[in-house]
Amino acid sequence: MYAFSYSNPRTLDEVSAASGQFLAGGQSLIPSMKLRLAQPGAIVDLNQVDGLAGIRVSGDQVEIGAMTRHADVAASREVQAAIPALAELAGGIGDRQVRARGTIGGSLANNDPAACYPSAVLGLGATVVTNWREIAADDFFQGMYTTALEEGELIKAVRFPVPRKAAYIKFKQPASRFALVGVFVAQTTQGVRVAVTGAGLSVFRHAGLEAALNQSFTAAAAAAVLIDDSELNSDLHASARYRAQLISVLTQRAVDQMLSA
Ligand SMILES: Cc1cc2nc3c(=O)[nH]c(=O)nc-3n(C[C@H](O)[C@H](O)[C@H](O)COP(=O)(O)OP(=O)(O)OC[C@H]3O[C@@H](n4cnc5c(N)ncnc54)[C@H](O)[C@@H]3O)c2cc1C
């Protein structure tokens, strides 16, 4: 490690007055610092800030505070009842230790191309609530490790509309359990949304699958969609063609799961 200053504010006003890189669960930031991929001069620890953690369900909305740990989302009876796919997604992140420390706010701010939560936020058409504004999911994820957040902007919570049905199916990268490919399918009041993680530079919606499933919500309709692999990731774990095949198969499985639920 190297020298950096550290502050641990207790209130949102104190967070606003501080400057530096936010520390949430540390599951991405600390390894990056160890590898010198990130070298912040100042750390602002969010772990003691009042009011940033917690789950509130009201009517057709589920709001999850930024500092809510993955394990708490997975174990929440309210999330399990309102959006079971979201609770299952959180319960499938990494391992027990990662789920005990990692937070939804940290995951979204980090926007790892293979992270699970971004697909739920995009697939459900959620809203990211910051200390300055509200950002629609369609505008939030902007590229590899890049979001609409500005310097010093803090995610306070995420607001999910409750869908009619949803499912998240992930094909795990076996060493890390990140998504080699993950597909989140939701039947929302605005139609079917399909969000794909792990396959591109950042999470993305698949227009072809959405159009097909809006016409006919069946696995056969998803299977008939040709998945273009020209802009998909290719690395030592999987070729672009393999990832394209996974997008198709995982979408079909998600649809089947939703139809049988
Ligand atoms: C072994 C391992 C396996 C993993 N497997 C998976 C997996 O299967 N699926 C998956 O989705 N993820 C996985 N992760 C990542 C994990 O979910 C992390 O918790 C997540 O990426 C970062 O959350 P964090 O709370 O630890 O954030 P931190 O590491 O503390 O912060 C990450 C970044 O977000 C910023 N930040 C944090 N909170 C806020 C906020 N409220 N507002 C603005 N910026 C903020 C920080 O400044 C930093 O830049 C894995 C991680 C590890 C180490």
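As the structure is a computational prediction, the values presented were derived from the model and not from experiment. Note that residues are indexed from 1 along each chain, following the sequence as it is written. Totals for whole chains, interfaces and linings use all residues, but because this is a predicted model, local features are given only for residues with pLDDT of at least 70 and pairs of side-chain atoms are given and counted only at 80 or more. Remark: hydrogens and water are excluded; side-chain values derive from all non-hydrogen atoms of the structure.

**Structural notes on the layout of surface pockets**
Our working definition: Only protein atoms enter the 1 Å grid used here. Points where a 1.4 Å probe fits but cannot escape make up a cavity, open sets with protein on both sides within 12 Å along at least five of seven lines make up a pocket, and a residue lines them when an atom lies within 4 Å of a point. Grid points are joined across faces, edges and corners, and a volume is the space filled by probe spheres set on the points. All amino acids are sorted into three groups, where Ala, Val, Leu, Ile, Met, Phe, Trp, Tyr, Cys and Pro are nonpolar, Asp, Glu, Lys and Arg are charged, and the leftover types, Gly among them, are polar.
The calculated volume of the second largest pocket comes to roughly 280 Å³. The wall of the second largest pocket is formed by 17 residues, among which Asp112, Ala114, Ala179, Asp235 and Arg243 lie closest to the centre. When the residues that make up the lining of the second largest pocket are grouped by side-chain class, the tally is 8 nonpolar, 6 polar and 3 charged.

**Comments concerning the site of the ligand**
Just so we agree on the cut-off: Nearness of a residue to a molecule or strand requires only that one of the residue's heavy atoms be within 4 Å of it. Here a polar contact means two N or O atoms within 3.5 Å. Within protein one must be a hydrogen donor candidate and the other an acceptor candidate, and residues neighboring in sequence count only if both atoms are side-chain atoms. For every accessible area listed, the method is Shrake-Rupley and the probe measures 1.4 Å; residues are considered covered only by the protein chains on display. Strands here mean DSSP runs of E at least two residues long; helices mean DSSP runs of H or I at least four residues long; both are numbered from the N terminus.
Surrounding the ligand, one finds 31 residues, the nearest of these being Phe22, Leu29, Thr103, Cys116 and Arg177. One of the backbone nitrogen or oxygen atoms of phenylalanine 22 is found 2.5 Å away from an oxygen atom of the ligand. Within the contact set of the ligand, an oxygen atom lies 2.8 Å away from a backbone nitrogen or oxygen of glycine 25. Burial of the ligand by the surrounding chains reaches 90%, relative to a free accessible area of 970 Å². Counting residues per element, the ones that place at least two in the shell around the ligand are strand E2 (21-23) and helix H7 (104-110).

**Here we look at the pairing of strand E3 (residues 42-45)**
Operational definition: Exposure categories follow from relative accessible area, calculated using a 1.4 Å probe and restricted to protein chains: below 20% of the type maximum is buried, above 50% is exposed, and the middle band is partly exposed. Two strands are said to pair when DSSP picks up at least two bridges between them. Consider the strands pointing away from the viewer: the crossover is right-handed when the path from the first strand over the helix to the second runs clockwise.
The alternating pattern of E3 places Ala42 and Val44 on one face and Ile43 and Asp45 on the opposite face, and all of these are buried. For E2 and E3, the ladder comprises 3 bridges, and the chain directions are parallel. Across the sheet, the residue bridging to phenylalanine 22 is valine 44, located in E3. The parallel pair E2 and E3, bridged by helix H2 (residues 29-34), forms a crossover whose chirality is right-handed.

**Let's talk about unusual backbone geometry**
Positive phi, close to 65°, is recorded for arginine 36, a residue that is not glycine. In this fold, arginine 36 is placed in the loop between H2 and E3. The exposure class assigned to arginine 36 is partly exposed, which follows from its relative accessible area of 40%. Its identity as a non-glycine residue notwithstanding, asparagine 111 has a phi of 45°, on the positive side. On the secondary structure map, asparagine 111 appears in the loop between H7 and helix H8 (117-124). Assessed through its relative accessible area of 0%, asparagine 111 is described here as buried.

**Details of the domain arrangement of the protein**
Formally: Throughout the structure description, domain borders are defined by an automatic or database domain assignment.
For the protein, the assigned domains are domain 1 (1-50) and domain 2 (165-260). For domain 1 versus domain 2, the separation of C-alpha centres amounts to 34 Å.

**Things to note about the pattern of salt bridges**
Spelled out, the test is: When a carboxyl oxygen of Asp or Glu lies within 4 Å of a side-chain nitrogen of Lys or Arg, that pair is called a salt bridge.
Taken as a whole and assessed by the stated rule, the structure comprises 10 salt bridges. Glutamate 150 is paired through a salt bridge with arginine 133; the nearest N and O atoms lie 4.0 Å apart. Of the two residues, glutamate 150 is situated in the loop between strand E9 (146-147) and strand E10 (155-161) and arginine 133 in the loop between strand E6 (127-130) and strand E7 (134-136); the sequence distance between them amounts to 17 residues. Judged by its relative accessible area of 48%, glutamate 150 falls in the partly exposed class. Its relative accessible area of 32% is what places arginine 133 among the partly exposed residues. One salt bridge connects glutamate 134 with arginine 159, and the closest N-O pair in it is separated by 3.1 Å. In this pair, glutamate 134 sits in strand E7 while arginine 159 sits in strand E10, placing the two residues 25 residues apart along the sequence. Overlapping salt bridges, with partners in common, bring together Arg56, Glu63, Glu134 and Arg159 in one network.

**As for the side chain of arginine 99**
Inclusion rule: Charge assignment in this entry is limited to Lys and Arg as positive and Asp and Glu as negative, and neither His nor the chain termini are counted. The contact definition used throughout considers only heavy atoms, calling two residues in contact when any of these lie within 4.5 Å.
With respect to the helices and strands, the residue arginine 99 is situated in helix H6 (residues 96-101). For the buried arginine 99, no salt bridge exists, and the shortest N-O distance to an oppositely charged side chain is 6.1 Å, to aspartate 95. A polar side-chain atom of arginine 99 sits 3.3 Å from the main-chain carbonyl oxygen of glycine 94. Those residues within four positions of arginine 99 in sequence are excluded, and the remaining contacts are Arg69, His70, Ala71, Ala90, Gly91, Gly92, Ile93 and Gly94.

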